[in-house]
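Breakdown of the fold
Letter by letter, the chains look like this.
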Amino acid sequence: MATLVFVANRFGAEKRIDVPEGGEVVDICDHYFAPIPFSCRSASCGTCQVEVLEGEDLLEPPNAEEADLIPLLGGKGRLACQARVRPNVEGVIKLKSVLV
Ligand code: FES
């Protein structure tokens, strides 16, 4: 099973969430009040950019919209509003907000 870990910041304490089915990171953040800020939710603003500290291979590859924006944001990390956790994978995915 995959476990998402969101690093603590001024928006909240660290969150550790088991996601056996995978899924949209944005939905997981909303459901568990993870400390990741969002604005547009459509791969335009960069507010949700996260550094992947661990487990990048447990995420699906970036979709076209995310792949277009990430180079404009410095070429690293992922967009939490677009990223998906692969289903039926094992390990820890550790994400840290770039903004806060
Ligand atoms: S919330 Fe704007 S790019 Fe993700």
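The structure under discussion appears in the preceding block.
Below or above, wherever it landed, is the structure these notes cover. Per chain, residues are indexed from 1 in the order of the written sequence. Local features are withheld for residues below a pLDDT of 70 in this predicted model, meaning they are given only at 70 or higher, and side-chain atom pairs are given and counted only at 80 or more; totals for whole chains, interfaces and linings count all residues. To get the side-chain values, all heavy atoms of the structure are used, and hydrogens and water are removed first.

1. A closer look at the overall build of the protein chain
- When you go through the protein chain residue by residue, the secondary structure sums to 2 helices and 7 strands.
- Relative to its length of 100 residues, the protein chain is compact, with a C-alpha radius of gyration of 12 Å against a globular reference of 13 Å.
- Summarising its shape, the C-alpha atoms of the protein chain cover approximately 30 × 30 × 20 Å along the three principal directions.
- Here the term buried applies to any residue with accessible area under 20% of the maximum for its type, exposed to any over 50%, and partly exposed to those in between, with areas from a 1.4 Å probe on protein chains only. Of all 100 residues assigned to the protein chain, the portion counted as buried reaches 44%.
- Residue contacts are counted whenever heavy atoms from the two residues lie within 4.5 Å of one another. Long-range contacts, defined here as pairs at least 24 residues apart, represent 65% of the contacts in the protein chain between residues at least 6 apart.
- Note on charges: Lys and Arg go in the positive column, Asp and Glu in the negative column, and His and the chain ends are not counted at all. Charge coordinates come from a single atom per side chain, which is NZ of Lys, CZ of Arg, CG of Asp or CD of Glu. Here the protein chain holds 10 positive side-chain charges and 15 negative ones, and the gap between their average locations is 7 Å. We count a stretch as a helix when DSSP gives it H or I for four or more residues in a row; a strand needs E for two or more, and each element gets its number in order from the N terminus. Atoms counted for the radius of gyration: C-alpha only. Globule rule: 2.2 Å times residue count to the power 0.38.

2. Regarding the nonpolar core
- Buried Ala, Val, Leu, Ile, Met, Phe, Trp, Tyr and Cys residues that are joined via side-chain atoms within 4.5 Å together make up what is termed a nonpolar core. Of all hydrophobic cores here, the largest spans 28 residues; its most connected members are Leu4, Phe6, Val25, Phe38, Val85, Ile93 and Leu95.
- Breaking this core down by element, the ones donating at least two residues are strand S1 (2–6), strand S2 (15–19), helix H1 (25–32), strand S4 (49–54) and strand S7 (91–97).
- Of the residues forming this core, the biggest block, 4 residues, is contributed by H1.
- If we skip the residues at most four places from it in the chain, Val85 touches Ala2, Leu4, Val19, Gly22, Gly23, Val25, Ile28, Leu58, Leu59 and Ile93.

3. Some remarks on the packing of aromatic side chains
- Two rings from Phe, Tyr or Trp (for Trp, the six-membered ring) form a pair when their centres sit within 6.5 Å of each other. Planes less than 30 degrees apart are called stacked, planes more than 60 degrees apart edge-to-face, and all others tilted. Within this structure, the stated rule accounts for 0 aromatic pairs.
- One cation-aromatic arrangement involves Arg41 over Phe38; the distance from NZ or CZ to the ring centre is 4.8 Å. We call a charge positioned over a ring when the NZ of a Lys or the CZ of an Arg lies within 6 Å of the ring centre and within 35 degrees of the ring normal.

4. Brief notes about unusual backbone geometry
- Located in the positive-phi region is Phe33, a residue other than glycine, with phi close to 55°.
- Structurally, the position occupied by Phe33 is in the loop between H1 and S4.
- A residue is classified by how much of its surface remains accessible, and Phe33, at 67% relative accessible area, is exposed.
- In the Ramachandran plot, Ala43 falls in the positive-phi region, its phi being about 60° despite a non-glycine side chain.
- Locating Ala43 in the fold gives a position in the loop between H1 and S4.

In short, the description is geometric, and any link to function would need to be established separately.
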